[in-house]
Amino acid sequence: MSMPIEPKTFEIESRNTIDVLPLKLTDFYLQISDKKQNGKINVNVPVYEDYNGSITHLQVEELPVRKGVVDISEDPDLAYVITVNRYGKPNKTVGLIRHFGGVEGAVGSTVAHDHHNMMIVYRYPEAAQRVYEALVKCGGGISCSGKDQLLQTLELPVFGLMSATNCFDTAEQAEKMKKTLQSIGLDTLNPLLRIVTLGLTVIPEFKYSDLGLVDVLESKLLPIFPE
């Protein structure tokens, strides 16, 4: 015997738990202390060993600086990463990642094991800001922007991790998001979860949290700019 389940709504489903400070465009820049400097600077860059794995190693790269901002415009294999605390603390980290996959725009997520802060990987700060604002507005999820416009947001408003809609609609939107991510170049086996591996600070060897770049094996934070 089967019985229909009566749909119910709960207050928690409409509670926005994304508690972050507003960020301006320059907050998405990877800036050095001397904002007028042009030249070169060494940067600690985690590097994925392949496009479908989670393991990273670290390499120090000498990168160009223009007007105090690290410039990756001539290197399509590099992307910026920002991790923003979403629990009411003003913590954020901006760094770089190599071999993440194509990101001709930005991808952001509040599904980021195990800290579930907001993480955005991007080539263009303007695209990252669009994704950031979209995720704040909807209460979390996964969002994608092209270089010039927001493309799609998979809304996961229940703690920024779960959908408030039925499983069929959610699955449909997830499949659509996979295609959207592939359209900006993120053509990995599972583009939805690629960004999740970047914040998983128990998987070797170097990951990001809102506190900084994490050396997983040594359980310590590393500076973005090595001395």
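A brief structural summary. (Residues numbered from 1 in each chain as written. Predicted model: local features only at pLDDT ≥ 70, side-chain atom pairs only at ≥ 80, totals over all residues. Heavy atoms only, no water.)

1. Some details on the packing of aromatic side chains
Within the structure shown, the criterion is met by four aromatic pairs. Arranged with centres 6.2 Å apart and planes meeting at 85°, the rings of F28 and Y122 form a pair that is edge-to-face. Residue F28 is found in the segment before strand 1 (39-48), and its partner Y122 is found in strand 7 (residues 118-122); the two are separated by 94 residues along the sequence. As far as burial versus exposure is concerned, F28 and Y122 are alike and both buried. For the ring pair F28 and Y132, a centre distance of 5.8 Å and an interplane angle of 75° mean the geometry is edge-to-face. Here Y132 lies in helix 1 (residues 125-138) and F28 lies in the segment before strand 1, a separation of 104 residues in the sequence. When its relative accessible area of 0% is taken as the criterion, F28 is described as buried. Taken together, the ring pairs in this structure connect F28, Y80, Y122 and Y132 into an aromatic cluster. Across the ring face of Y48, the terminal group of R194 is positioned such that the distance to the ring centre comes to 3.8 Å. Note that R194 overlies the ring of F100, its terminal NZ or CZ placed 5.6 Å from the centroid. (Phe/Tyr/Trp six-rings, centres within 6.5 Å; stacked < 30°, edge-to-face > 60°. Helix = DSSP H or I, 4+ residues; strand = E, 2+ residues; numbered from the N terminus. Buried < 20%, exposed > 50% of the residue type's maximum accessible area, 1.4 Å probe, protein only. Lys NZ or Arg CZ within 6 Å of the ring centre and 35° of its normal.)

2. Details of the pairing of strand 11 (residues 212-215)
Here strand 10 (residues 206-209) pairs with strand 11 via four bridges, running antiparallel. Residue K207 lies in a different strand from strand 11, and its bridge partner there is V214. Turn length for the strand 10-strand 11 hairpin, with the two strands adjacent in sequence and antiparallel, is two residues. One ladder, built from three bridges, connects strand 11 with strand 12 (residues 220-222); its direction is antiparallel. Among the inter-strand pairings, L213 is bridged to a residue of strand 12, identified as L222. (Pairing = 2+ DSSP bridges.)

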